[in-house]
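Tertiary structure, described
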Amino acid sequence: QVQLVESGGGLVQPGGSLRLSCAASGSIFSMYAMGWYRQAPGKQRELVARITSGGTTNYVETVKGRFTISRDNAKNTVYLEMNSLKPEDTAVYYCRLDQTVFTVHWGQGTQVTVSS
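Structural notes, computed from the coordinates. Predicted, not measured: the structure shown is a model, and the values here were computed from it. (Residues numbered from 1 in each chain as written. Predicted model: local features only at pLDDT ≥ 70, side-chain atom pairs only at ≥ 80, totals over all residues. Heavy atoms only, no water.)

**A few points about the overall build of the chain**
Going by this rule: Secondary structure elements are taken from DSSP: a helix is a run of H or I of four residues or more, a strand is a run of E of two residues or more, and numbering for both begins at the N terminus. The size measure is the radius of gyration over C-alpha atoms, and the globule rule it meets is 2.2 Å times the number of residues to the 0.38 power. Any residue under 20% of the maximum accessible area for its type is buried, any over 50% is exposed, and the rest in between are partly exposed; the area is computed with a 1.4 Å probe on protein chains only. We call two residues contacting when some pair of their heavy atoms lies within 4.5 Å. Per-residue accessibility takes into account occlusion by the displayed protein chains alone, with areas from the Shrake-Rupley method and a 1.4 Å probe.
Regarding its fold elements, the chain presents zero helices and eleven strands. The linear arrangement of helices and strands in the chain, starting from the amino end, is β-β-β-β-β-β-β-β-β-β-β. Against the 2.2 N^0.38 benchmark of 13 Å for 116 residues, the chain shows a C-alpha radius of gyration of 13 Å, consistent with a compact globule. Counting only C-alpha atoms, the chain reaches 40 × 25 × 20 Å along its principal axes. Per-residue burial over the chain gives 41% buried out of 116 residues. Taking the intrachain contacts of the chain between residues at least 6 apart in sequence as the baseline, contacts between residues at least 24 apart amount to 52%. Summing over all exposed atoms, the chain offers an accessible surface of approximately 6100 Å²; the carbon and sulfur share of this is 49%.

Below you can see the structure in the form of structure tokens.
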């Protein structure tokens, strides 16, 4: 059973920074792609950033140049470094492990609020 636990969310002023962490249980972490998603009130959940087992990354256009996804396989942890935060980045952020095309695992989410 894979468990994902996010941390690092909070309230930050526009222009500020946060680093989210997602710790995974189990020994399969390094084998699979990981992603960060977010869901704002009244909106659909969207992919923010994704990193493959080999370290290839991709980002949604709205966060390119501001967010960085990384992973530490020794710690079974994926990170999302968020800089130059904007009010429109406010959302619940979720991490996801893609075990197969049909089997994914989600964390419980962490709230990020960008407001002055």
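Read on for the rest.
**Focus: the state of the cysteines**
Our working rule: Cysteine sulfur atoms that come within 2.5 Å of each other are treated as a disulfide pair.
Applying the stated criterion across every chain, the model contains one disulfide. With a sulfur-sulfur separation of 1.9 Å, Cys22 is cross-linked through a disulfide to Cys95. Taking the torsion about the sulfur-sulfur bond, which here is approximately 45°, the covalent link between Cys22 and Cys95 counts as right-handed. With a gap of 73 residues between them, Cys22 in strand S3 (residues 18–24) and Cys95 in strand S9 (residues 91–98) connect regions that are remote in the sequence. Grouping residues by exposure puts Cys22 and Cys95 together as buried.

**Let's talk about the nonpolar core**
Most often, soluble globular proteins keep nonpolar side chains buried together rather than apart. Here is the rule: Take the buried residues of types Ala, Val, Leu, Ile, Met, Phe, Trp, Tyr and Cys, join any two whose side-chain atoms come within 4.5 Å, and each joined set is a nonpolar core.
Trp36, Leu80, Met82 and Tyr93 are the most contacted members of the largest nonpolar core, which totals 28 residues. Looking at this core, the elements with two or more residues in it are S3, strand S4 (33–39), strand S5 (46–51), strand S7 (67–72), strand S8 (77–82), S9 and strand S11 (110–114). Ignoring sequence-local partners within four residues, the contact set of Leu80 consists of Leu18, Arg19, Leu20, Trp36, Val48, Ala49, Phe67, Thr68, Ile69 and Tyr93.

**Observations regarding the packing of aromatic side chains**
Think of a pair of aromatic rings as described by two things: how far the centres are apart, and how the planes are tilted against each other in angle. This is how it is decided: Pairs were defined over the aromatic rings of Phe, Tyr and Trp, the Trp ring being its six-membered one, requiring ring centres within 6.5 Å. Orientation was assigned from the angle between planes: stacked under 30 degrees, edge-to-face over 60, tilted for the rest. Should the NZ of a Lys or the CZ of an Arg lie within 6 Å of a ring centre and within 35 degrees of the ring normal, that charge is described as sitting over the ring.
Within the structure shown, the criterion is met by two aromatic pairs. A ring pair is formed by Tyr37 and Trp106, whose centres lie 5.0 Å apart and whose planes are at 65°; its orientation type is edge-to-face. Of this pair, Tyr37 sits in strand S4 while Trp106 is found in strand S10 (residues 104–106), placing the two residues 69 residues apart along the sequence. For Tyr37, a relative accessible area of 10% corresponds to the buried category. An aromatic cluster is built from Tyr37, Tyr94 and Trp106, whose rings are joined through pairwise contacts. Sitting over the ring of Tyr94, Arg45 keeps its end group 3.7 Å from the ring centre. Across the ring face of Phe29, the terminal group of Arg71 is positioned such that the distance to the ring centre comes to 4.7 Å.

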